[in-house]
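Survey of secondary and tertiary structure
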Number of protein chains: 4
Amino acid sequence: MSRTAEPTVERVLEAGSRLAAESARFTGLGWMRGTSGNLSEVVSRDPLRLVVTASGLDKGELTAGDVSVVGPVGETVPVEGIEPRRPSAEAGLHARVAALTGAGAVVHVHTLSAVVAGHHWPDGVPLRDIEMLKGIGRLAHDDEVVVPVIANSQDMAELGDRFEASYDRGVPAVIVAHHGLYAWGRDLTHARHVTECVEWLLTYAVAVR
Amino acid sequence: MSRTAEPTVERVLEAGSRLAAESARFTGLGWMRGTSGNLSEVVSRDPLRLVVTASGLDKGELTAGDVSVVGPVGETVPVEGIEPRRPSAEAGLHARVAALTGAGAVVHVHTLSAVVAGHHWPDGVPLRDIEMLKGIGRLAHDDEVVVPVIANSQDMAELGDRFEASYDRGVPAVIVAHHGLYAWGRDLTHARHVTECVEWLLTYAVAVR
Amino acid sequence: MSRTAEPTVERVLEAGSRLAAESARFTGLGWMRGTSGNLSEVVSRDPLRLVVTASGLDKGELTAGDVSVVGPVGETVPVEGIEPRRPSAEAGLHARVAALTGAGAVVHVHTLSAVVAGHHWPDGVPLRDIEMLKGIGRLAHDDEVVVPVIANSQDMAELGDRFEASYDRGVPAVIVAHHGLYAWGRDLTHARHVTECVEWLLTYAVAVR
Amino acid sequence: MSRTAEPTVERVLEAGSRLAAESARFTGLGWMRGTSGNLSEVVSRDPLRLVVTASGLDKGELTAGDVSVVGPVGETVPVEGIEPRRPSAEAGLHARVAALTGAGAVVHVHTLSAVVAGHHWPDGVPLRDIEMLKGIGRLAHDDEVVVPVIANSQDMAELGDRFEASYDRGVPAVIVAHHGLYAWGRDLTHARHVTECVEWLLTYAVAVR
């Protein structure tokens, strides 16, 4: 693909299909109540393009076309053959996460454990000496991990700045206080696994605090 | 439809089909244990008519015809082609909710979180500065929300009066103490989303109190 | 059916089919971990005959023939065309429950809430002023209900005596301490509903104690 | 099979098929978050050979071929017709468990209850006078059971030594502190049942401590 080419409709729908299935899975776990949360896949690096689940829909009932294509600040990018859907307001943060971390997929879910942990540890959730840390690329022993917690905002630029200021290259997740969890991975399956492991770790931290 | 026309059998069964599917979904979440809870859709505004799930049946196994058509005080309204089923005693409260709020669908479920929250906050459950509040039409910041809690009663007129006295136009839900949750929305899917968000919010409130 | 006639193979397999489906349902709820718990249906009153799920099998994978036919003290009763399966040791208590209460179906499950509640209230779990009490045939207001708790035993005659000594005609359930829950109803669907409501009530009681 | 014969591809795929189904089941229970946990079946005693689920894959999506065949110290054993997959690092502990206990199948899952219980009882989790103990081959009364808790390690030889030092012939499970649970049985179905019962017991112990 040339530098300026936009993703094809096939590429977008392939991503949309995976995002729909993954959203249904997270909905089944109770992590996307209401129409909350959103998932994205990077389909182009330069220019940066993400396919993001559309806003306002039940995340257990998406179809491949229930997505938007967005650029680096979450702005909608038209793709021929794709019906324009309203992207999630949070698409801008997905793009910032993808740009800074190099992730191929970003998950944003409203897991209770993340919000409860953010409540108890507003300066970051410390985790150490737990095997499950290996699931997020860290060591099971003698490795101090802190999941950053950033203040919530409705301004995605502000939220993105807070994310960048808090970003720890060794931690593929951030808690937005009183809001939810962002987690990411090299692709959507990896992002699922990271999300599951972070959720387990936060639930554990809350259980034994 | 003319002002005095009653809903057709097709219209009732369409609603019944949606109510059955939605009831099965809530049953799967554990929010309609036993034969508890009931769901309704408004099918006519003037005169007010609601299709309400029938009483005494397993809410995971309803079919389209397991409904009653009721009027403003929950009284059964005969519809040609619809086998009369016993409406839930709570149909009267559904009708009051629909009349006062303008909702197109009302959900009544026995979520544990609602009853536990009602126990801890008998004067209303205060919620503030939580992103999930957007799921019930409120702001994520600096917006004081109180989910009303009203005393339980077996007299639907009395319960309806308590509901009306407690009603806050900005809160699409009410907890009936020691009983369960009512939540509503412009249609059944919206009512589902409101219910899920309120349930999340109450679970969170209990978890961090 | 004449007084001395034993149930036919068809009658037994019909019951077995219902018991298998219901067991799978309870297994899905996590209430029959391992091979724990057992369900029964009364197929004859005089002589008393129950079809009981067989012992030692995964309760999520039963087939219609995975049952035994037992008499008043849990003894196996041969039925032509039914392969003899080892009845649960607890079949004797099922029979005692059916004989004393007149129930058409008995559910025994190892719900965590029942055992935790039995731990906290060894003399019986008091419940009052909760709407869900209507699901077990009681009033939502001003009606003092106590779910009996009896000491565990491996001797079914002893356990049966304890059950009878503790039996309250108005309460369709008993907790066996450090063991699990028995609940019953006029048929298997009703027994399911009673079980679900009791489980909800006990979970609630533990949550707000 | 002669003493030196390796398992056939059919035997391995049969085991792999069962392991895949069982892994999907445990994933559904939330006990194998991310790519955590692994299951094994013994396919040969002499020489000792286990079929173990492959590492790094989603345990809800395995197919029959997503396995490795390993020997007594977890080393990969080539089998003609089986694509070599990376065995889990923990395969060595599976082999030690199988060798010492005589188990036909070993389950390793990251249940929250096991890690929380290991946190509260670092010297072993005492259990006594609970009916569910019968599900792990013990008595419901007057039988003191202690589920061993061993310190975590990334060195499988060290972890195996700790397991052997802690091993109680009467307890078919061990908690690896800050890590997860190992449980075993005569075959995979039995190992499932033991795992479920241990998980229930640990959840109960945490709930009433």
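As named in an unreviewed UniProt entry, chain A is Methylthioribulose-1-phosphate dehydratase, taken from Streptosporangium saharense. The UniProt entry for chain A carries the following text under Function (unreviewed entry): "Catalyzes the dehydration of methylthioribulose-1-phosphate (MTRu-1-P) into 2,3-diketo-5-methylthiopentyl-1-phosphate (DK-MTP-1-P)." Comment text from UniProt for chain A, heading Pathway (unreviewed entry), reads "Amino-acid biosynthesis; L-methionine biosynthesis via salvage pathway; L-methionine from S-methyl-5-thio-alpha-D-ribose 1-phosphate: step 2/6."

**Brief notes about the overall build of chain A**
Each helix and strand in chain A was counted, giving five helices and nine strands. Secondary structure elements of chain A, listed N to C terminal, follow the sequence α-β-β-β-α-β-α-β-β-β-α-β-β-α. Its C-alpha atoms give chain A a radius of gyration of 16 Å, within 12% of the compact-globule value 17 Å for 209 residues. Overall size of chain A, expressed as C-alpha extent along the three principal axes, is 50 × 35 × 30 Å.

**Structural notes on the relation of the copies chain A and chain B**
Relating the two copies of this chain is a rotation about some axis coupled with a shift parallel to it. Rotating chain A by 90° and translating it 0.0 Å along the rotation axis places it on chain B, where the RMSD comes to 0.0 Å. Accordingly, the operation relating the two chain copies is best matched by a four-fold axis.

**Side note on the interface of chain A and chain D**
Of the residues lining the interface, 20 residues belong to chain A; the matching set on chain D comes to 20 residues. For the chain A face of the interface with chain D, the top three residues by lost area are Glu131(A), Trp200(A) and Tyr204(A), together amounting to 34%. Across the contact surface, chain A and chain D share two salt bridges. The residue Arg192(A) makes a salt bridge to Glu61(D) at a minimum N-O spacing of 3.2 Å. Applying the counting criterion to the chain A and chain D interface returns 11 residue pairs in polar contact (both at pLDDT 80 or more). Counting residues per element, the side of chain A that touches chain D draws most heavily on helix H5 (residues 188–208) of chain A, which supplies 10 residues.

**Quick notes on the UniProt feature "binding site: Zn(2+)" (unreviewed entry) in chain A**
Here, the residues flagged by UniProt with the feature "binding site: Zn(2+)" (unreviewed entry) are His108(A) and His110(A). Locating His108(A) in the fold gives a position in strand S4 (residues 105–109). With residues near it in sequence (within four places) discarded, His108(A) still touches Met32(A), Gly37(A), Asn38(A), Leu39(A), Glu90(A), His94(A), His179(A), Gly180(A), Leu181(A) and Tyr182(A). By the secondary structure assignment, His110(A) is in the loop between S4 and helix H3 (112–120). With near-sequence residues (within four places) excluded, His110(A) lies in contact with Trp31(A), Ser36(A), Gly37(A), His179(A), Gly180(A), Glu131(B), Met132(B) and Trp200(B). A polar atom in the side chain of His110(A) sits 3.3 Å from the side chain of His108(A).

**Side note on the sheet that holds strand S9 (residues 180–185) of chain A**
All names here are of chain A. One open sheet holds the seven strands; their spatial order is S3-S2-S1-S4-S9-S8-S7, and the pairing between them is mixed. Both edges of this open sheet fall to strand S3 (67–70) and strand S7 (149–150), since each of them pairs with a single strand only. For S4 and S9, the ladder comprises five bridges, and the chain directions are antiparallel. If you follow Ala-105 over to S9, its bridge partner there is Gly-185. Each of strand S1 (38–45), S4, strand S8 (173–176) and S9 touches H5; the most contacted strand, S9, lies at about 135° to it.

**Side note on the side chain of Ser113(A)**
Residue and element names in this part refer to chain A. Of note, Ser-113 is situated in helix H3. Of note is the side chain of Ser-113, whose polar atom sits 3.3 Å from the side chain of Glu-199. When sequence neighbours within four positions are dropped, the list of residues in contact with Ser-113 reads Glu-199, Leu-202, Thr-203 and Val-206.

**Thoughts on helix H1 (residues 9–28) of chain A**
If you check H1(A), its first and last C-alpha atoms are 28 Å apart, about what 20 residues at 1.5 Å a residue would give, namely 28 Å. Along H1(A), the positions that sit buried rather than exposed are Val12(A), Ala15(A), Gly16(A), Leu19(A), Ala20(A), Glu22(A), Ser23(A), Phe26(A) and Thr27(A). Those residues of H1(A) that are buried lie in contact with S1, strand S2 (48–53), S3, S4 and H5 of chain A together with helix H1 (9–28) of chain B.

**Observations concerning the interface of chain A and chain B**
Counting from both sides, the interface comprises 20 residues of chain A and, opposite them, 20 residues of chain B. When the buried surface of chain A facing chain B is broken down by residue, Arg33(A), Leu112(A) and Gln154(A) rank first, second and third, together holding 35% of it. Taken together, chain A and chain B are joined by 11 residue pairs in polar contact (both at pLDDT 80 or more). Sort the elements by how many residues they give to the side of chain A that touches chain B and H3(A) lands first, with four residues. Here the side of chain A that touches chain B is composed, by residue class, of four nonpolar, 12 polar and four charged.

**Overview of the sheet that holds strand S7 (residues 149–150) of chain C**
Residue and element names in this part refer to chain C. With mixed pairing, seven strands are arranged side by side in an open sheet as S3-S2-S1-S4-S9-S8-S7. Both edges of this open sheet fall to strand S3 (67–70) and S7, since each of them pairs with a single strand only. Looking at chain direction, S7 and strand S8 (residues 173–176) are connected through two bridges and run parallel. Bridge pairing in S8 places Ile-150 opposite Val-176. Sheet strands touched by helix H5 (residues 188–208): strand S1 (38–45), strand S4 (105–109), S8 and strand S9 (180–185). Its angle to S9, the strand with the most contacts, is close to 135°.

**Considerations on the pairing of S9(A)**
Residue and element names in this part refer to chain A. The buried fraction of S9 is high, at six of six residues. Pairing of S8 with S9 involves four bridges; the strand directions are antiparallel. Bridge assignment links Val-176 to a residue of S9, and that residue is Gly-180. The antiparallel hairpin formed by S8 and S9 contains three residues in its connecting segment, where His-178 sits at a positive phi of about 60°.

**Remarks on the packing of helix H3 (residues 112–120) of chain C against H5(C)**
Residue and element names in this part refer to chain C. Where H3 meets H5, the axes come as close as 9 Å, and the angle between the chain directions of the two elements is 50°. Classified by the angle between their axes, H3 and H5 sit oblique to one another. Where H3 crosses over H5, the two elements pack in a sense that is left-handed. Here Ser-113, Ala-114, Val-116, Ala-117 and His-120 of H3 lie close against H5, whose contacting residues are Glu-199, Leu-202, Thr-203 and Val-206. Residue composition of the contact of H3 with H5, by class: five nonpolar, three polar and one charged.

**Some remarks on the arrangement of the chains**
Across the gap from chain A to chain C, with no contact made, the nearest C-alpha atoms are 14 Å apart. You won't find any contact between chain B and chain D; their C-alpha atoms come no closer than 14 Å.

**Notes on the nonpolar core**
All names here are of chain C. Core analysis: the largest hydrophobic core is formed by 48 residues, its most contacted members being Val-125, Leu-127 and Ile-175. In terms of residues, this core owes the most to one element, H5, which gives 11 residues. Apart from the residues within four sequence positions on either side, Val-125 is in contact with Ala-117, Val-145, Val-146, Val-147, Val-149, Ile-175, Leu-202 and Ala-205.

Calculation criteria
- Residues numbered from 1 in each chain as written.
- Chains lettered and ligands numbered in written order.
- Predicted model: local features only at pLDDT ≥ 70, side-chain atom pairs only at ≥ 80, totals over all residues.
- Heavy atoms only, no water.
- UniProt positions renumbered as here; feature names shortened; annotations may be inferred.
- Helix = DSSP H or I, 4+ residues; strand = E, 2+ residues; numbered from the N terminus.
- Rg over C-alpha atoms; globule rule 2.2 N^0.38 Å.
- Least-squares fit on C-alpha atoms with pLDDT ≥ 70 in both.
- Contact = heavy atoms within 4.5 Å.
- Buried area = accessible area lost by both parts, 1.4 Å probe.
- Salt bridge = Lys/Arg side-chain N within 4 Å of Asp/Glu carboxyl O.
- Polar contact = N/O pair within 3.5 Å; in protein donor to acceptor, adjacent residues only side chain to side chain.
- Pairing = 2+ DSSP bridges.
- Axes fitted to C-alpha atoms, helices over the stretch in contact; angles between N-to-C directions.
- Expected span 1.5 Å × (residues − 1).
- Buried < 20%, exposed > 50% of the residue type's maximum accessible area, 1.4 Å probe, protein only.
- Nonpolar A, V, L, I, M, F, W, Y, C, P; charged D, E, K, R; others polar.
- Parallel < 35°, antiparallel > 145°, perpendicular 65-115°, else oblique.
- Left-handed = near helix turned anticlockwise from the far one by under 90°.
- Core = buried A, V, L, I, M, F, W, Y, C linked by side-chain atoms within 4.5 Å.

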